[in-house]
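Here is what each chain is made of, one letter per residue.
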Amino acid sequence: MSSLATKTHPLLNNLPPFLTWRALGFRTICSGRLGFAPCEPAPPTPAPSVAGTKVLETFKEEFEIGSRLITLETGKIARFANGAVVLGMDETKVLSTVTSSKGDSVRDFLPLTVDYQEKQFAQGVIPNTYMRREGAPKERELLVGRIIDRPIRPLFPAGFYHEVQVMASVLSSDGKQDPDVMAANATSAALMLSDIPWGGPIGMIRIGRICGQFIVNPTMDELSLSDLNLVYACTREKTLMIDVQAREISEKDLEAGLRLAHPEAVKYLEPQIRLAEKAGKQKKEYKLSMISEQTLEKVSNLAEAHIEAVFTDPSYSKFERGEALDKIGQDVKKALEEECDEESLQVLPKAVDTVRKRVIRKRIIAEGVRVDGRQLDEVRPIYCESGNLPILHGSSLFSRGDTQVLCTVTLGAPAEAQRLESLVGPPTKRFMLHYSFPPFCINEVGKRVGLNRREVGHGTLAEKALLAVLPPENDFPYTVRVNSEVMASDGSTSMATVCGGSMALMDAGIPLQEHVAGVSVGLVSEVDPSTGEIKDYRILTDILGLEDHLGDMDFKIAGTRIGVTAIQLDIKPAGIPLDIICECLEHAHKGRLQILDHMEREISAPRTQDDRNSPRLATLKYDNDTLRRLIGPLGGRISVSDGTLTVVAKNRSVMEKVLEKVDFIIGREIEVGGIYKGVVTSVKEYGAFVEFNGGQQGLLHVSELSHEPQHQNWHITSATDIIFEGLLKIFNWQSMFHKVSRVSDVVSVGQQLSLRCIGQDVRGNIKLSLKAVSPRPGTDVKGVVEGSVPVNKQATDVWASVGDVSNGQNPELPMRKNETPGVNSSTSSTPAVLIRSAAECDEEEKASGFSQSSKSTLKSTLASKSNSKPKKSTSQSDFFSSTNIQKSTSFSQREREKLAECLFGTEDGDEDNKGTRAEAIVSAKNLKLGTKVAAKVYQVRAHGLVLDLGGGIRGMYRFENNEKKDFVVGDELLVKCSSFTGKGIPVVSLVDS
């Protein structure tokens, strides 16, 4: 057609598209004619694309263990992983994934890596780090990784040396459940789903015990009350892993807990099998690196006799034995090289090790004799030494055979406790044990890097073993760090760390409840090749490093004479029957007692001597406002919490200096009988004012300067003699006649003194005494230490070595400084005055010997003597100038006037008021309601008078309505004490004359 159209209309081929026939609506040329094309509908506009809904095929299993609903789920997240499972319990969910390398690397071990991670988003918290990111693995993450690794490793098939990686992470945590056990069970389920060959599944369970009752899957709150934290992993029939922390639980109770844990852990197996049947992959055929029987027989023929000769000679030391075995391996290598047996050369190290294992296990089972010649239950020779580094807080050296550890103890303040950032558990840890395994301890060259999983695991095991015997934090608030440095290693250095750490803690004076010792128990078994069951076995006590390597298990058990405190079980075969595990407990108990005997002979109780390096810690109670005044004292470390000040010093002398500095800046609770250091600020004729205890003022009266009374040469007439002697006894005026003529002869401004607080007067003024801390003439006073302060245990607790703890309590009512209502502060405010009722005053007067009977006796004596004499007005000057009394030159004019005024009244007084004036002799103790006092106007104010009542006491008189107010300073008034103000100031009324 087109050719016809081209011949008819040759220009049609050159027309633009919009002028073509079809564009103009014409039909195409047909038989040389043109026609209109019919109208066709426009093609439909395609609809916009919309993403479809993806359906995630998930599989889920639910079951209940220990009243907890547990879920296993797969298929929703981490779908590319070889195996991935999310295990949930309540609101805590843990994801575990497993992967395996695809290559066939040549190696002779299983490179299994387990990484466990707790990110803070799981509890809705942003990390408290500078970068606000999670950093390197924490100790807890490494420990949980070990808990997952230990039970799953033995179940990989022999010769499977492909790299396997397990990654477990917490997705959410409600803080009620510890995610470690959940992560292990999730890992088992993920391995079951993967194509990796593995002999699982396994079940892991946690058992607690409260008040003798076992609890399955306890919460974190229940664990805090439990005396047992047992983590148990197993297959359907055999035990794989045990991890225990306990408070001296007996072997019998521990066995009961283990037998309860096994059936509970088995409940995890069926749900994993059902989930694997639904969503599991077909197990892949991996290449296994196995030693052929021909190669093993050839190496055995060349090396077995020589190896047996080395193992039967107990004279070999560890390194001599190792060198002899290495020489045998070199000889076998030369023989194979001569034969050009390349296949055997590739697996030679593994083959020689297999022959060694066969020889030593056969000899132990057949003859019951070990490599070093010991019996099966024999413990190696032990050496113990405590205090070998005397300058440290505590130290010890422990050796068992060739294994040796050096342990040291360092004490610190509570604020130095380790801060923990885990999802569960306490936020801080006050007891830390750090285990170090340097390369030189096995005569190797190596580098010291960061946290090592093995070091963290061994240190934590020893830490749990010792934690059970530490005193409670309320009784011993120190932060304690134990360092264990392995000096030589030949088996069970972690148990040696337990023994050395216990001795070092006692050497530091820490009041441990009991010594703790540890021993490692091994197992050598003979297995039936056809059934895999154990036909015969031997239990070894205190295993060597070689026995650990060539044996079936390393069962570390630590405890006291009373019970077990920590356990860690690691095995090599695919499980050990629980009956054999329980049998090992008794073997470990016997070995532990032997070690405890040696330790107790070296140090059986905490150190009590007060040497210069014994650390000190004091906890003082203050209100928060007072603490803000503190300037950091030199020579010690302080930590401040709500109302509590804790001081840590290197030794006793530094502690005394620090506390003295604290006393000077802040002050301490003032107690009657306490000895304080102060500085004299002013000297008066009646005594000295002393500043002490953080700026408080006290009065050192002249009568408290010296013990010896003044020997006066008085010549008194018989009548005056009776009156004078009566006054001395009634008013206790003997202290007025002291040996010191002037205060400045004894003390001076700026002088530092050690003084004893002997009480306080009615206005709250603190009374101090110098003679109370000075020995009396002719006596030898011991035990009074200058600057010492008797400590009220509720206010100040000073922890030191045993025997150096202050438990004294002063029966006197303490005086407090800066007290605030509702604050339990030992430096509370000293009241401005002491407000007492008349009845209370009478009781105190009776206690002090100043009773109404004594006053009436005085009045009757005065009356009888006055009646026998002619009435005559005797002045003060006449009395002292007469021949009746000859005064000493050291008796001051003021004292003479005071005594004469007390005896005879003033010169202007009349006979009628003499009895009243005798009654008006007041002091801080005898002032009470109704007492009549001769007072002088001290100040005249708008609404009343301030009166001088004598003895330094001020009183207040209020003007009544329309009362005469023309008083002047110095006017004498006869007043009566009618009441006391809220601050204890006497309020008086006028007495009609």
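What counts and what doesn't
- Residues numbered from 1 in each chain as written.
- Predicted model: local features only at pLDDT ≥ 70, side-chain atom pairs only at ≥ 80, totals over all residues.
- Heavy atoms only, no water.
- Helix = DSSP H or I, 4+ residues; strand = E, 2+ residues; numbered from the N terminus.
- Buried < 20%, exposed > 50% of the residue type's maximum accessible area, 1.4 Å probe, protein only.
- Contact = heavy atoms within 4.5 Å.
- Areas by Shrake-Rupley, 256 points an atom, 1.4 Å probe, with all protein chains shown as cover.
- Pairing = 2+ DSSP bridges.
- Core = buried A, V, L, I, M, F, W, Y, C linked by side-chain atoms within 4.5 Å.
- pLDDT = per-residue confidence, 0-100.
- Phe/Tyr/Trp six-rings, centres within 6.5 Å; stacked < 30°, edge-to-face > 60°.
- Axes fitted to C-alpha atoms, helices over the stretch in contact; angles between N-to-C directions.
- Expected span 1.5 Å × (residues − 1).
- Salt bridge = Lys/Arg side-chain N within 4 Å of Asp/Glu carboxyl O.
- Parallel < 35°, antiparallel > 145°, perpendicular 65-115°, else oblique.
- Left-handed = near helix turned anticlockwise from the far one by under 90°.
- Nonpolar A, V, L, I, M, F, W, Y, C, P; charged D, E, K, R; others polar.

Side note on the overall build of the protein
Looking only at helices and strands, the protein features 22 helices and 35 strands. Here the protein holds 993 residues, and 46% of them are scored as buried. Across the protein, every contact between residues at least 6 apart in sequence was considered, and the portion connecting residues at least 24 apart equals 68%. Element-wise, carbon and sulfur atoms account for 52% of the exposed surface of the protein, whose accessible area totals about 50400 Å².

Section: the pairing of strand β20 (residues 553-559)
The buried count for β20 comes to seven of seven residues, which makes it a mostly enclosed element. Sheet topology places strand β18 (residues 517-527) next to β20; seven bridges connect them, and they run antiparallel. Bridge pairing in β20 places Ala 517 opposite Gly 559. In terms of strand pairing, β20 meets strand β21 (residues 564-571) through seven bridges, oriented antiparallel. Counterpart to Asp 554 in the pairing with β21 is Asp 570. Here β20 hands over to β21 after four residues, the two strands then running antiparallel side by side.

Looking at the nonpolar core
Judged by nonpolar contacts, the single largest core of 130 residues is most densely connected at Phe 398, Val 480, Leu 505, Ile 510, Met 553 and Phe 555. Setting aside residues up to four positions removed in sequence, Leu 505 forms contacts with Val 409, Phe 431, Leu 466, Leu 470, Val 480, Val 482, Ile 510 and Leu 512.

Comments concerning the confidence of the model for the protein
Mean pLDDT for the protein: 78, with 74% of residues reaching 70 or above. Note that pLDDT drops below 50 for residues 734-738; the model gives that stretch 14 contacts with residues more than four away or on any other chain.

Considerations on the packing of aromatic side chains
For the structure on display, the rule yields eight aromatic pairs. Taken together, a centroid distance of 5.7 Å and an interplanar angle of 55 degrees make the contact between Tyr 676 and Phe 692 tilted. In this pair, Tyr 676 is assigned in strand β25 (residues 675-684) and Phe 692 in strand β26 (residues 687-692), connecting sequence segments 16 residues apart. Taken together, the ring pairs connect Phe 156, Phe 160 and Tyr 286 into an aromatic cluster.

So, the sheet that holds strand β3 (residues 83-89)
Taking strand neighbours across the sheet as the criterion, the six strands line up as β1-β2-β3-β4-β6-β5 in an open arrangement whose pairing is mixed. Edge positions in the sheet fall to β1 (59-65) and β5 (112-117), since each has one partner strand and no second. The average undirected angle you get between the axes of adjacent strands in this sheet is 15 degrees. Pairing of strand β4 (residues 92-100) with strand β6 (residues 164-172), which is carried by eight bridges, proceeds in the antiparallel orientation. Note on β6: the bridge partner recorded for Thr 99 is Gln 165. Against the sheet, helix α2 (residues 139-152) engages β5 and β6, with an angle of about 140 degrees to β5.

What to know about helix α10 (residues 348-367)
Spanning 20 residues, α10 covers 28 Å between terminal C-alpha atoms, matching the ideal 28 Å at 1.5 Å per step. Three or more residues of α10 are buried, namely Leu 348, Ala 351, Val 352, Val 355, Arg 356, Val 359, Ile 360, Arg 361, Arg 363, Ile 364 and Ile 365. If you follow the buried residues of α10, they end up packed against α7 (293-311), α8 (318-339), α9 (342-346), β18, β19 (534-541) and α13 (545-550). Following α10 by one or two positions, Gly 368 has its phi on the positive side, about 70 degrees.

A short note on the environment of Gly 930
You can see Gly 930 is positioned in the loop between α22 (914-919) and β31 (932-940). For Gly 930, a relative accessible area of 41% corresponds to the partly exposed category. When the C-alpha positions of Gly 930 and Ser 989 are compared, they lie 9.8 Å apart, and in sequence the two are 59 residues distant. If sequence neighbours within four positions are ignored, Gly 930 has contacts with Lys 976 and Cys 977.

A short note on the pattern of salt bridges
Tallied over the entire structure, the rule returns 42 salt bridges. One salt bridge connects Arg 274 with Glu 61, and the closest N-O pair in it is separated by 3.1 Å. Linking Arg 274 in helix α6 (residues 269-279) with Glu 61 in strand β1, this pair joins segments that are 213 residues apart in sequence. Its relative accessible area of 7% is what places Glu 61 among the buried residues. Salt-bridge contacts for Arg 68 lead to Glu 222; the nearest nitrogen and oxygen are separated by 3.8 Å. Here the residue Arg 68 occupies a position in strand β2 (residues 68-74), and Glu 222 occupies one in helix α4 (residues 220-225), the gap between them amounting to 154 residues. The exposure class assigned to Glu 222 is partly exposed, which follows from its relative accessible area of 26%.

Some details on helix α5 (residues 251-266)
Across its 16 residues, α5 extends 23 Å between first and last C-alpha, which sits within 8% of the 22 Å expected from 1.5 Å per residue. Restricting attention to buried positions, one finds in α5 the residues Glu 251, Leu 254, Gly 257, Leu 258, Ala 261, His 262, Glu 264, Ala 265 and Val 266.

A short note on unusual backbone geometry
Where the residue is not glycine, phi is negative for most of them; where a peptide bond is considered, it is trans in most cases. For the bond from Gly 200 to Pro 201, the omega torsion is 5 degrees, close enough to zero to count as cis. The topology assignment puts Pro 201 in the loop between α3 (179-193) and β7 (203-210). Look at Asp 90: it is not a glycine, yet its phi comes out positive at around 60 degrees. Residue placement: Asp 90 occurs in the loop between β3 and β4. Look at Asp 90 and you get partly exposed, because its relative accessible area is 38%.

Considerations on the packing of α5 against helix α14 (residues 578-602)
Relative orientation of the contacting elements α5 and α14 amounts to 160 degrees, with a least axis distance of 11 Å. Comparing their axes, α14 and α5 come out roughly antiparallel. As α5 packs across α14, the resulting crossing turns out to be right-handed. Only Leu 578, Asp 579, Cys 582, Leu 585, His 589 and Arg 592 of α14 make contact with α5, whose side of the interface consists of Glu 251, Leu 254, Glu 255, Leu 258, Arg 259 and His 262. Looking at the contact of α5 with α14 residue by residue, the classes come out as five nonpolar, two polar and five charged.

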